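Structural overview for review
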Amino acid sequence: MTFNATLETNNDIAKITLSGELDASTAPVFKEKVEEAATQNVKRLVLLAQDLEYMSSAGLRVLIFAKQKMGAKVEIYIVGAQEMVKDTIEHTGFHYSVVMLDEYNVQHV
């Protein structure tokens, strides 16, 4: 399956919708969207991952890059991650650095 990442910024929230398979060949697309979001001076980065079927270590490296690039004051939310993606994030302990949510709720985000 192909990978797709789309960025939408509204007020101080950047949302990146991820779909498909995030691996070494597609991670640069995700990284580009993170870099674009970082220039928007947002307070929150929301990653909508309901349709993300797979994430390799390359995708995880972009998540770590996002945390560093956005800075400590920017909260990162990962919403609706499928079990395989969630396992990848949890096995590395990165879930302690982000907020994991089952569904997108404006009150949380």
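So, here is what we can say about the structure in this document.

About the cut-offs
- Residues numbered from 1 in each chain as written.
- Predicted model: local features only at pLDDT ≥ 70, side-chain atom pairs only at ≥ 80, totals over all residues.
- Heavy atoms only, no water.
- Phe/Tyr/Trp six-rings, centres within 6.5 Å; stacked < 30°, edge-to-face > 60°.
- Lys NZ or Arg CZ within 6 Å of the ring centre and 35° of its normal.
- Helix = DSSP H or I, 4+ residues; strand = E, 2+ residues; numbered from the N terminus.
- 1 Å grid on protein atoms, 1.4 Å probe; cavity = no way out; pocket = protein on both sides within 12 Å on 5 of 7 lines; lining within 4 Å.
- Points joined across faces, edges and corners; volume = space filled by probe spheres on them.
- Nonpolar A, V, L, I, M, F, W, Y, C, P; charged D, E, K, R; others polar.
- Salt bridge = Lys/Arg side-chain N within 4 Å of Asp/Glu carboxyl O.
- Buried < 20%, exposed > 50% of the residue type's maximum accessible area, 1.4 Å probe, protein only.

Digging into the packing of aromatic side chains
A full pass over the atoms with the stated rule returns zero aromatic pairs. Directly above the ring of Phe65 sits Lys31, whose terminal nitrogen or CZ lies 4.7 Å from the centroid.

A closer look at unusual backbone geometry
Positive phi values are uncommon outside glycine, yet Asn11 reaches one of about 55 degrees. Along the chain, Asn11 turns up in the loop between β1 (4-10) and β2 (13-22). Positive phi outside glycine occurs at Asn41, with the angle close to 55 degrees. Looking at the secondary structure, you find Asn41 in the loop between α1 (27-38) and β3 (44-55).

With respect to empty space enclosed by the protein
Summed over the entire model, instances satisfying the criterion amount to one cavity of 30 Å³ or more. Reported here for the largest cavity is a volume of approximately 50 Å³. Ranked by residue count, the leading element in the lining of the largest cavity is β3, at four residues. In terms of residue class, the lining of the largest cavity is made up of 11 nonpolar, no polar and no charged.

Section: the pattern of salt bridges
Overall, the coordinates contain four salt bridges when judged by the stated rule. One salt bridge connects Glu8 with Lys15, and the closest N-O pair in it is separated by 3.7 Å. Here Lys43 makes a salt bridge to Asp12, at a shortest N to O gap of 3.9 Å. Of this pair, Lys43 sits in the loop between α1 and β3 while Asp12 sits in the loop between β1 and β2; the two residues are 31 residues apart in sequence, bridging distant segments of the chain. On the accessibility criterion, Lys43 (54% relative accessible area) is exposed.

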